[in-house]
Amino acid sequence: MPTSLDFGEDYPEIRDAVRKICAPFDGTYWQKLEKTDSYPDEFVEALTKSGFLAVLIPEEFGGSGLPLRAASVVLEEIHATGGNAGACHAQMYIMGTLLRHGSEAQMKQYLPAIASGELRLQAFGVTEPTTGSDTTKLKTRAERDGDEYVVNGQKVWTSRALYSDLMLLLARTTPVDQVTSKTDGLSVFLVDMRAARGNGMEIRPIDAMVNHNTTEIYFDNLRIPASSLIGEEGRGFKYILDGMNAERTLVASECLGDARWFIETATRYANDRVVFGKPIGANQGVQFPIARAYAEMRAAELVLRRACALFDAGQPCGEDANMAKFLLSEASWHAGEACMQTHGGFGYACEYNVERKWRENRLYQIAPISSNLILAYLGQHVLGMPRSY
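Bear in mind the structure is a predicted one, so any value in this text is a computation, not a measurement.

A. Representation of the overall build of the protein chain in the model. Secondary structure summary: the protein chain contains 12 helices and 10 strands in total. Over its C-alpha trace the protein chain gives a radius of gyration of 21 Å, about what one expects of a compact globule, namely 21 Å for 389 residues. A separation of at least 24 residues holds for 73% of the contacts in the protein chain among residues at least 6 apart in sequence. Carbon and sulfur atoms form 52% of the exposed surface of the protein chain, whose accessible area is close to 17200 Å². Computed over 39 positive and 49 negative side-chain charges, the inter-centroid distance for the protein chain is 4 Å.

Here you go:
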């Protein structure tokens with residue numbers, strides 16, 4: 001399938017609609033949530049009713065059936081308005097695994113309810129305390145027992161688990177010492193968390209620097225139906241790669257939105273703030289970091305658009321998805337630094353929202369994959385250098 005790039009403001013109707021939805025959820029709204037460590041239910045409900053959380057679900061199941069690029073635009077605009085899509089973005093990037101590898105019965109059972117908002121698919125159970133990014137070494141086990149699987153283990157940094165009905169869970173079904181390749185023997189399950197909580201699954205919140213409602217999850221002989229398995233047993237690692245490429249591309253879109261917000265906010269303040277008889281933006285020490293961040297952002301945006309185009313065309317996109325996430329996490333952080341420095345002491349004042357966005361954006365150099373691991377991927381898999389780890 002051929003690919004093409006749109007260099008203008010694509011999906012203008014979606015962008016305009018998202019801006020209108022986000023308008024009532026201003027900085028004051030997000031500040032109040034932080035003070036009470038609360039989940040943005042009203043915001044998520046508004047997005048759900050608008051249909052934007054179902055943008056990737058096929059029309060036959062109640063969604064919009066739009067490409068990944070449309071989802072990218074939705075998340076970009078949320079962040080460009082000063083909001084944060086971390087409360088609901090997982091529903092978009094998890095969707096790829098279910099859509100591409102789920103059975104017809106699973107899609108008919110779950111997708112219409114997810115599209116309508118009756119069910120939330122927000123939790124992605126992959127990371128563990130002792131394995132981190134070394135996914136193939138995860139220790140959570142799922143053992144077949146008749147018409148069920150019995151799950152034991154632990155996950156960490158599983159955000160939104162307390163506010164999700166369903167979880168995509170990666171567990172090992174064949175011990176690593178019994179497989180030819182370490183990526184074999186991992187399986188993906190769609191777990192109904194409503195039935196699991198209190199019956200072998202315990203969720204504990206983790207206090208963190210940002211209000212992302214993240215948790216750790218414990219599995220103690222949790223029994224789930226064998227029908228929870230997505231695709232073939234033992235091929236789960238390959239299935240979640242689709243979700244990981246989508247995840248990195250969509251997180252890069254959020255970084256792009258953050259960079260836009262930082263640059264627009266810094267520019268406005270630099271023009272309005274007068275010190276020593278002139279706007280501080282007239283000083284090159286203030287002006288140049290903002291301009292440099294803008295240049296970085298625009299260059300990185302092109303890689304993001306290419307990643308979306310390749311993904312939507314069904315072509316290999318791992319290189320571009322990783323580069324987009326890396327470059328835009330860097331560009332948005334540099335924009336955040338410029339914005340914070342431009343505001344000076346007022347950057348620390350909560351009412352300006354700069355410090356909140358600054359804290360939130362720092363996460364993207366660590367999660368969902370660290371910048372160093374992306375560099376290692378590019379060095380080994382793209383440039384052909386020896387494996388570094």
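B. A look at the environment of leucine 53. Structurally, leucine 53 can be placed in the loop between helix H3 (41-50) and helix H4 (68-80). Residue class for leucine 53 comes out buried when judged on its relative accessible area of 7%. The spatial distance from the C-alpha of leucine 53 to the C-alpha of methionine 385 is 40 Å, given a sequence separation of 332 residues.

C. The arrangement of the packing of helix H8 (residues 236-272) against helix H9 (residues 284-312) in detail. Where H8 meets H9, the closest approach of the two axes is 9 Å, and the angle between their N-to-C directions is 155°. The angle between H8 and H9 places the two elements in the roughly antiparallel class. For H8 against H9, the interelement crossing comes out left-handed. Listed contacts from H9 to Asp242, Ala246, Thr249, Ala252, Ser253, Leu256, Ala259, Arg260, Ile263, Ala266, Thr267 and Ala270 of H8 are Val286, Ile290, Ala293, Tyr294, Met297, Glu301, Leu304, Ala307, Cys308 and Phe311. Split into classes, the residues belonging to the contact of H8 with H9 amount to 16 nonpolar, 3 polar and 3 charged.

D. View of unusual backbone geometry. Here the residue pair alanine 367 and proline 368 is connected by a cis peptide bond, since its omega of 0° sits within 30 degrees of zero. Here proline 368 shows up in the loop between helix H11 (354-362) and helix H12 (371-382). Although it is not a glycine, tryptophan 157 adopts a positive phi angle of roughly 60°. Examined against the element boundaries, tryptophan 157 turns out to sit in the loop between strand S3 (148-156) and strand S4 (166-172). One non-glycine residue, asparagine 353, adopts positive backbone phi at about 70°. Mapping asparagine 353 onto the fold places it in the loop between helix H10 (318-343) and H11.

E. A nonpolar patch on the surface, seen in detail. Together, Leu5, Phe7 and Leu302 make up a nonpolar patch on the protein surface, roughly 310 Å² of accessible area in all. Take phenylalanine 7: its relative accessible area is 63%, and that puts it in the exposed class.

F. Expanded view of H11. Counting buried residues in H11 gives 7 out of 9 residues, a clear majority hidden from the surface. By the burial criterion, the buried members of H11 are Val354, Glu355, Arg356, Lys357, Arg359, Glu360 and Asn361. The inward-facing, buried residues of H11 contact helix H2 (27-36), H4, H8 and H10.

G. Representation of the environment of proline 316. For proline 316, the location among the structural elements is in the loop between H9 and H10. Taking relative accessible area as the criterion, proline 316 reaches 76% and is therefore assigned exposed. Separated by 280 residues in the primary sequence, proline 316 and threonine 36 place their C-alpha atoms 43 Å from one another.

H. Quick peek at the packing of aromatic side chains. The final tally for this structure, using the stated rule, is 11 aromatic pairs. Its end group placed over the ring of phenylalanine 311, arginine 100 keeps NZ or CZ at 4.4 Å from the ring centre. Over the aromatic face of tryptophan 261 sits the side chain of lysine 357, whose NZ or CZ is 5.8 Å from the ring centroid.

I. Representation of the nonpolar core within the structure. If you look at the biggest cluster of nonpolar residues, it comprises 62 residues, and the most contacted ones within it are Phe43, Ile78, Met92 and Ile114. The element best represented in this core is H4, accounting for 7 residues. Leave out the neighbours within four places in its chain, and phenylalanine 43 touches Cys22, Phe25, Tyr29, Trp30, Ile78, Asn84 and Cys88. Formed by 28 residues, the second largest nonpolar core is a distinct cluster that contains Ala266, Ala270, Leu304 and Leu328.

Definitions and cut-offs
- Residues numbered from 1 in each chain as written.
- Predicted model: local features only at pLDDT ≥ 70, side-chain atom pairs only at ≥ 80, totals over all residues.
- Heavy atoms only, no water.
- Helix = DSSP H or I, 4+ residues; strand = E, 2+ residues; numbered from the N terminus.
- Rg over C-alpha atoms; globule rule 2.2 N^0.38 Å.
- Contact = heavy atoms within 4.5 Å.
- Areas by Shrake-Rupley, 256 points an atom, 1.4 Å probe, with all protein chains shown as cover.
- Lys, Arg positive; Asp, Glu negative; His and termini not counted.
- Charge placed at Lys NZ, Arg CZ, Asp CG, Glu CD.
- Buried < 20%, exposed > 50% of the residue type's maximum accessible area, 1.4 Å probe, protein only.
- Axes fitted to C-alpha atoms, helices over the stretch in contact; angles between N-to-C directions.
- Parallel < 35°, antiparallel > 145°, perpendicular 65-115°, else oblique.
- Left-handed = near helix turned anticlockwise from the far one by under 90°.
- Nonpolar A, V, L, I, M, F, W, Y, C, P; charged D, E, K, R; others polar.
- Patch = residues over 30% accessible without salt bridge, like charges linked within 9 Å, V, L, I, M, F, W, Y side chains within 5 Å.
- Salt bridge = Lys/Arg side-chain N within 4 Å of Asp/Glu carboxyl O.
- Phe/Tyr/Trp six-rings, centres within 6.5 Å; stacked < 30°, edge-to-face > 60°.
- Lys NZ or Arg CZ within 6 Å of the ring centre and 35° of its normal.
- Core = buried A, V, L, I, M, F, W, Y, C linked by side-chain atoms within 4.5 Å.

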